[in-house]
Amino acid sequence: MDPIQAAEAKLAQGRTDEAVALLAGAGDAGNAEALAELAIWHLNGNHIPRDLAAARALLRRAATIGHVDAALIEVALTANGSGAAPDWPGALALLRRAAANDPLAAQHLELLGKMALTADGAPASLPVPITLHPSPRIQRLPDFCTPIECAYIASVAAPALQPATVFDPASGRMIAHPIRASDNAPIGPTQETLVVQAINRRIAAATDTVFAQGEPLTVLRYGPGQQYRPHLDTLPGPGNQRIRTAILYINHNFTGGETEFPLLGLKIAPRMGDLLVFDNVDAAGAPEPRSRHAGLPIIGGTKWIATRWIRAEPTSAWALSAEARAASA
C-alpha cells in the first residue's frame with residue numbers, strides 16, 4: 001500500500017502516532033511524497049500539533065529530492081516568515097533553484113522580473129494616489145497592478161473559490177453569508193507565492209503599514225445579481241482592529257458592481273488594476289460609521305476583486321486560522 005494511504009488508514013483507526021511514524025520512515029527511505037504529506041500535517045495542525053519549523057524542515061528535504069510543490073511552498077513560507085524570520089532574498093534564491101526544473105517556478109520568476117522591487121521585495125515606487133474623500137480618507141491608486149498581475153491573482157485563487165459562508169452559533173453549522181453573496185478564497189500562507197507577496201508588500205506601502213499587518217489577500221467573485229450589502233469592515237471587540245481596507249479591482253468587463261459609500265454620496269466604478277484604499281476607523285481608533293460601504297449588485301458579467309484587510313498591529317494568518325477553528329469548534 002502507498003505510505004500516504006497507509007498513514008490515512010491508521011489515522012482513521014485513531015492510531016496517529018503510528019501514522020506519523022509511517023510517513024517519517026517512508027521519508028527517511030527517500031519518499032518525497034511522504035515528506036511533503038507530513039509537512040502538510042504539521043502546517044494544518046489537524047492531526048498533530050501545528051509546528052511550522054518542523055514543516056519547513058520536511059519541505060526542504062522533499063524539495064531536495066525533487067518535489068516541486070514542496071519547493072514552492074518552501075519559497076512562500078521562507079518569504080512570509082512562517083516558522084522562521086522572513087527572508088525575501090533567501091526565498092528568491094530558492095525560487096531560482098526551483099525554476100531550473102519547474103515551469104511554474106520559472107513563470108513566477110519571470111513575473112517578478114517585470115516588477116520594480118527593492119532587495120526585500122518592496123515596491124521601488126507607487127502610483128500617485130487620488131483622494132476621493134478626505135475624512136474618512138478614501139484614495140484611489142490608478143494602475144496599481146498590471147493586467148498580467150491581476151490575471152495571475154485570479155488564477156491563484158480560482159481553484160479554491162467557494163460560496164461565502166459564516167458560522168451560525170445557533171445551529172453549529174456554516175450557513176450562507178447574510179450580507180455577502182459571492183464566491184471567495186483567501187490566498188493563505190502556503191499559496192502566497194513571491195508574486196502575491198510582492199503585491200501584498202506593494203499594498204502595505206500604499207496603506208502606510210508593514211507587510212505583517214495585512215490579513216491574507218482574499219479574492220472575491222460576483223456573478224449577476226450578487227452583491228455585498230452595506231457594511232463596515234471593522235471587527236467587534238477591542239482586539240487588533242481592521243484599520244484600513246485595500247480593494248484591488250481585478251477586472252472591469254462587467255456592468256454594475258460599483259463600490260458605494262452611501263453616507264458620503266460616493267460611488268466608485270471599478271477599473272482593472274486600480275487600488276481603492278480607505279480608513280475604517282477614526283483618529284481615536286474607533287469604528288468610523290461613515291466608512292460603511294457596499295458592493296452594488298452585478299447587472300451583467302462577472303466582477304473579480306482582491307481585498308486585503310489591514311490590522312492595527314502585526315497579525316499572522318496561522319493565528320487567524322486557529323482563531324476561526326476555535327470559534328467554530
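All values reported here derive from a predicted model rather than from experimental measurement.

A. Looking closely at helix α4 (residues 52–65). Compared with an ideal rise of 1.5 Å per residue, which puts 14 residues at 20 Å, α4 spans 20 Å between its outermost C-alpha atoms and is within 8% of the ideal. Leu 52, Ala 55, Arg 56, Leu 58, Leu 59, Ala 62 and Ala 63 are the residues of α4 that are buried. In a view along the axis of α4, the buried residues occupy a sector of 170°, so they form one face of it. With a side-chain oxygen lying 3.3 Å from the backbone nitrogen of Ala 53, the N-terminal cap of α4 falls on Asp 51. Just beyond α4, the residue with positive phi is Gly 66, at close to 125°.

B. Seen up close, the packing of helix α5 (residues 68–80) against helix α9 (residues 194–206). One way to put it is that α5 packs onto α9 with a least axis distance of 9 Å and a crossing angle of 25°. Viewed along their axes, α5 and α9 adopt a mutual orientation that is roughly parallel. Judged by the twist between their axes, the crossing of α5 over α9 is right-handed. Touching Val 75, Ala 76, Ala 79 and Asn 80 of α5 are Leu 194, Gln 197 and Arg 201, all from α9. For the contact of α5 with α9, the class distribution of residues is four nonpolar, two polar and one charged.

C. Looking closely at the packing of aromatic side chains. Throughout the structure, instances matching the rule amount to one aromatic pair. Cation over ring: Arg 201 sits above Phe 211, and NZ or CZ is 4.1 Å from the ring centre. The ring of Tyr 222 carries Lys 303 above its face, with NZ or CZ at 5.1 Å from the centroid.

D. Structural detail: the environment of Asp 2. Position of Asp 2 relative to the elements: it lies in the segment before α1 (3–12). Considering only alpha carbons, one finds Asp 2 and Val 195, 193 residues apart in sequence, at a separation of 34 Å. For Asp 2, the side chain forms a polar contact with the main-chain nitrogen of Ile 4, separated by 2.8 Å.

E. Seen up close, the side chain of His 293. Counting through the fold element by element, His 293 comes out in strand β14 (residues 293–295). A polar contact is formed between the side chain of His 293 and the backbone oxygen of Ser 291, at a distance of 2.9 Å. His 293 has contacts with Arg 229, Pro 230, His 231, Asp 233, Glu 260, Phe 261, Pro 262 and Phe 278, leaving out every residue within four places of it along the chain.

F. Structural view of unusual backbone geometry. In this structure, the amide linkage connecting Ser 135 to the following residue, Pro 136, adopts the cis form with an omega of -5°. In this structure, Pro 136 sits in the loop between β1 (130–133) and β2 (138–141). In this model, Asp 143 sits at a positive phi of 50°, which is unusual for a non-glycine residue. Turning to its location among the elements, Asp 143 is positioned in the loop between β2 and α8 (147–157). If you check the backbone angles, Asp 208 has positive phi at about 55° while not being a glycine.

Thresholds, definitions, all that
Residues numbered from 1 in each chain as written. Predicted model: local features only at pLDDT ≥ 70, side-chain atom pairs only at ≥ 80, totals over all residues. Heavy atoms only, no water. Helix = DSSP H or I, 4+ residues; strand = E, 2+ residues; numbered from the N terminus. Expected span 1.5 Å × (residues − 1). Buried < 20%, exposed > 50% of the residue type's maximum accessible area, 1.4 Å probe, protein only. Arc of directions from axis to C-beta. Polar contact = N/O pair within 3.5 Å; in protein donor to acceptor, adjacent residues only side chain to side chain. Axes fitted to C-alpha atoms, helices over the stretch in contact; angles between N-to-C directions. Parallel < 35°, antiparallel > 145°, perpendicular 65-115°, else oblique. Left-handed = near helix turned anticlockwise from the far one by under 90°. Contact = heavy atoms within 4.5 Å. Nonpolar A, V, L, I, M, F, W, Y, C, P; charged D, E, K, R; others polar. Phe/Tyr/Trp six-rings, centres within 6.5 Å; stacked < 30°, edge-to-face > 60°. Lys NZ or Arg CZ within 6 Å of the ring centre and 35° of its normal.

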